Amino acid sequence: MSQRMQQGQPMIIMGDDAQRVKDKDAQEYNISAARGVAESVRSTLGPKGMDKMLVDSTGDVTITNDGVTILQTMDIDNPTAEMIVEVAETQEDEAGDGTTSAVAIAGELLKTAEDLLEQDIHPTAVIKGFNLASEYAREQVDEVATEVDPDDTEALKSVAETSMTGKGAELDKDVLADLVVRAIQGVTVEADDGSHVVDLANLNIETRTGRAAGQSRLLSGAVIDKDSVHEDMPTDFEAADVLLLNDPIEVEEADVDTAVNVESPDQLQRFLDQEEEQLREKVDKIVESGADVVFCQKGIDDLAQHYLAKEGVLAVRRTKKSDLTFLKNVLGAPIVSDLDSLTADDLAVGSVTRDTEEELFYVEGEDAHGVTLLLYGTTEHVVDELERGIQDAIDVVSTTVSDGRTLPGGGAVEVELARRLRDHADSVSGREQLAVEAFADSLELIPRVLAENAGLDAIDLLVDLRAAHEAGDTEAGLNVFSGEVENTTEAGVVETAHAKEQAIASAAEAANLVLKIDDIISAGDLSTGGDDDGGAPAGGMGGMGGMGGAM
Ligand code: ADP
Ligand code: MG
């Protein structure tokens, strides 16, 4: 297909297989692709949401309720649908929670936009209205929010529990929320200006299978899931000089070019002696520095292990890089990358304890920097989903500590923002007013879906919720367990203000991005997927081919 030059228009020359879709058709195509993705995660929203089982191309199975995990595993190759996936990713990066909500709202915005376009309202008016509404709603978040003190353990536990409800972590949420809050408080420092800074680099999660989640523990310091290299080594130190090493304690490889020609037994012996000598020197270097314990990221030669054991040094080889980095924070010691340069100054004092039952080392620094959350789950799948839930809880609690605000959950904040938007819409002129009202309706998708997923009557409940908010109860939300409307802040169903602001902003941006497109020029066939077509560029206008396995 090619197009002749028209007056003032650039000429577009396209290949034989190429397709072009314009104006209304382009909008319809994009909106339906984006909505398809958004709607696929809706059924997971809220405490009563369902899980999805995702099977990737290699047959690996993930069972999850986590919006961003679902969308990423779906391996979508439609560019418009990918914009929706990006909403989830941005939300996950910026707030760590609210991914399903953000994506669901984006889809609903596009649905209401479609209605407006059908009424011949120009996309520019819709986009402008959505922008206005997004900004106003975010301003109002601050008005609705409750201030939370970083020492308010109960309030922070509510935030953690709300984010865990409906996830794998739910069964033991009481224990786990408490662990998460104490973990965050353990790595929070007050800055000079009085603000609270949460240093997540000082918080490590270690997962283990074989025990119930309720037995998870919080430990100060690091946990190293390794054995010592030699059974004669000591394993417990109250105050050890610890060396973190990223250099092998092995014989240095001879240059590739220099072949070793051994012509006599004598020569062989000399050669072996040399190797022994080299290992002895490396071990002496460590002993001279005063180190009692060595965590080495690389290998340790058998002979060196023997020497170290004889010197009473505890050595652990092939320590994970992430563990070594965490030990660096916990102990405040540098990671030494060259044994030749080692001095006593490179060591740091810490306690090392062996848990023989669990086969772990506990390492604590003198100033006790850093904490480890030791998470248990009965099986690998359980512990994986648990970790995702805990990670979300860590993110929301740390956001709440640094941001200092929470919002009433269970759809309360959405209904309140919708009410305020409708009031505000009166002051907006022309067609944008309709878009602002459509935005308000879209926010109310959250209580509607929460109710639907709980098998409750969404329409009746929304009527009740609106009435409560009209009557001035700004925190009236849905209790999905009782089916009643109640004050959700008092009920302990609370979310972070930051996550909600982010969700509103990214949903509006993604919807607007899709609405702005009025012309799709594709190098490949739009319906069958560009990848089938030899000439198609990567990321061409594919169908949703990759979604099959995920649904
Ligand atoms: P997201 O990925 O958007 O965080 P979730 O599946 O975590 O999705 O669901 C979050 C929604 O569930 C929020 O609107 C939150 O207020 C709501 N919610 C959480 N716990 C409850 C509860 N006990 N009762 C009612 N709603 C709840
Ligand atoms: Mg959540």
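Anyway, here's the lowdown on the structure attached to this text.

Check the secondary structure of the chain and you find 16 helices and 21 strands. By the burial criterion, 50% of the 551 residues in the chain qualify as buried. For the chain, contacts bridging at least 24 residues in sequence account for 74% of all contacts bridging at least 6. Put simply, the chain shows about 25200 Å² of open surface, and 44% of that area lies on carbon and sulfur atoms.

This part takes up the sheet that holds strand 4 (residues 146-147). Reading across from one edge, 4-17-20 is the order of the 3 strands in this open sheet, with antiparallel pairing throughout. Each having just a single partner strand, strand 4 and strand 20 (494-496) make up the two edges of the open sheet. Pairing geometry for strand 4 and strand 17 (residues 405-408), over 2 bridges, is antiparallel. Note on strand 17: the bridge partner recorded for Glu-147 is Arg-405. Here helix 5 (residues 123-144) sits on the sheet and contacts strand 4 and strand 17; the angle it forms with strand 17, its principal contact strand, is near 95 degrees.

Turning to the sheet that holds strand 16 (residues 371-377), a few remarks are in order. Strand order in the open sheet made by the 3 strands is 7-16-8, with mixed pairing throughout. Of all strands in the sheet, those with a lone pairing partner are strand 7 (203-209) and strand 8 (217-220), marking the two edges. Averaged over neighbouring strand pairs, the angle between their axes works out to 25 degrees when direction is ignored. In terms of strand pairing, strand 8 meets strand 16 through 4 bridges, oriented antiparallel. What sits directly across from Leu-219, in strand 16, is Thr-372. Relative to strand 7, helix 10 (residues 321-331) is tilted by about 140 degrees, and along the sheet it contacts strand 7 and strand 16.

So, about the packing of helix 6 (residues 153-164) against helix 7 (residues 173-186). At their nearest, the axes of helix 6 and helix 7 sit 9 Å apart, and the two run at 125 degrees to each other. Looking at the two axes, helix 6 sits oblique to helix 7. For the pair helix 6 and helix 7, the crossing hand works out as right-handed. Seen from helix 6, the contacting residues are Thr-153, Leu-156, Lys-157, Ala-160, Glu-161 and Met-164; seen from helix 7, they are Lys-173, Asp-174, Leu-176, Ala-177, Asp-178, Val-181 and Gln-185. Residue classes in the contact of helix 6 with helix 7 are distributed as 6 nonpolar, 2 polar and 5 charged.

As a structural note, the neighbourhood of ligand 1 is formed by 22 residues, with Asp-97, Thr-100, Ser-101, Gly-410 and Glu-495 the closest of them. Within the backbone of Gly-46, one N or O atom sits 2.9 Å away from an oxygen atom of ligand 1. In this structure, an oxygen atom belonging to ligand 1 sits 2.9 Å away from a side-chain N or O atom of Thr-100. Protein coverage of the free-state accessible area of ligand 1, which is 580 Å², stands at 95%. Contributions of two or more residues to the shell around ligand 1 are made by helix 4 (99-118) and helix 14 (445-453). By residue number, the principal contributor to the shell around ligand 1 is helix 4, which donates 3 residues.

As a further point, take the packing of helix 5 against helix 16 (residues 497-515). For any two helices packed against each other, the geometry comes down to the angle between their axes and how far apart the axes lie. At a closest axis distance of 10 Å, the pairing of helix 5 and helix 16 adopts a crossing angle of 175 degrees. It follows that helix 5 is roughly antiparallel to helix 16 by the angle criterion. Contacts between helix 5 and helix 16 pair Pro-123, Val-126, Ile-127, Phe-130, Asn-131, Ser-134, Ala-137, Arg-138 and Val-141 from the former with Ala-497, Glu-501, Ile-504, Ala-505, Ala-508, Ala-511, Asn-512 and Leu-515 from the latter. Split by residue class, the contact of helix 5 with helix 16 holds 12 nonpolar, 3 polar and 2 charged.

Across soluble globular proteins, nonpolar side chains show a tendency to be buried alongside one another. Residues Phe-130, Leu-421, Phe-439 and Leu-515 are the most contacted members of the largest nonpolar core, which totals 70 residues. Take this core: its biggest share by element is 10 residues, from helix 4. With residues near it in sequence (within four places) discarded, Leu-421 still touches Ala-133, Tyr-136, Ala-137, Val-436, Phe-439, Ala-440 and Leu-443. Counting residues in hydrophobic clusters, the runner-up holds 42 residues, among them Ile-249, Cys-296, Ala-304 and Leu-314.

Turning our eyes to something else, we now look at the side chain of Asp-346. Within the secondary structure, Asp-346 is located in the loop between strand 13 (335-336) and strand 14 (348-355). A distance of 3.0 Å separates a polar atom in the side chain of Asp-346 from the backbone nitrogen of Thr-343. Residue contacts for Asp-346: discarding those within four places in its chain leaves Val-242, Ala-333, Pro-334, Val-336 and Ser-341.

Calculation notes
- Residues numbered from 1 in each chain as written.
- Chains lettered and ligands numbered in written order.
- Predicted model: local features only at pLDDT ≥ 70, side-chain atom pairs only at ≥ 80, totals over all residues.
- Heavy atoms only, no water.
- Helix = DSSP H or I, 4+ residues; strand = E, 2+ residues; numbered from the N terminus.
- Buried < 20%, exposed > 50% of the residue type's maximum accessible area, 1.4 Å probe, protein only.
- Contact = heavy atoms within 4.5 Å.
- Areas by Shrake-Rupley, 256 points an atom, 1.4 Å probe, with all protein chains shown as cover.
- Pairing = 2+ DSSP bridges.
- Axes fitted to C-alpha atoms, helices over the stretch in contact; angles between N-to-C directions.
- Parallel < 35°, antiparallel > 145°, perpendicular 65-115°, else oblique.
- Left-handed = near helix turned anticlockwise from the far one by under 90°.
- Nonpolar A, V, L, I, M, F, W, Y, C, P; charged D, E, K, R; others polar.
- Near = heavy atom within 4 Å.
- Polar contact = N/O pair within 3.5 Å; in protein donor to acceptor, adjacent residues only side chain to side chain.
- Core = buried A, V, L, I, M, F, W, Y, C linked by side-chain atoms within 4.5 Å.

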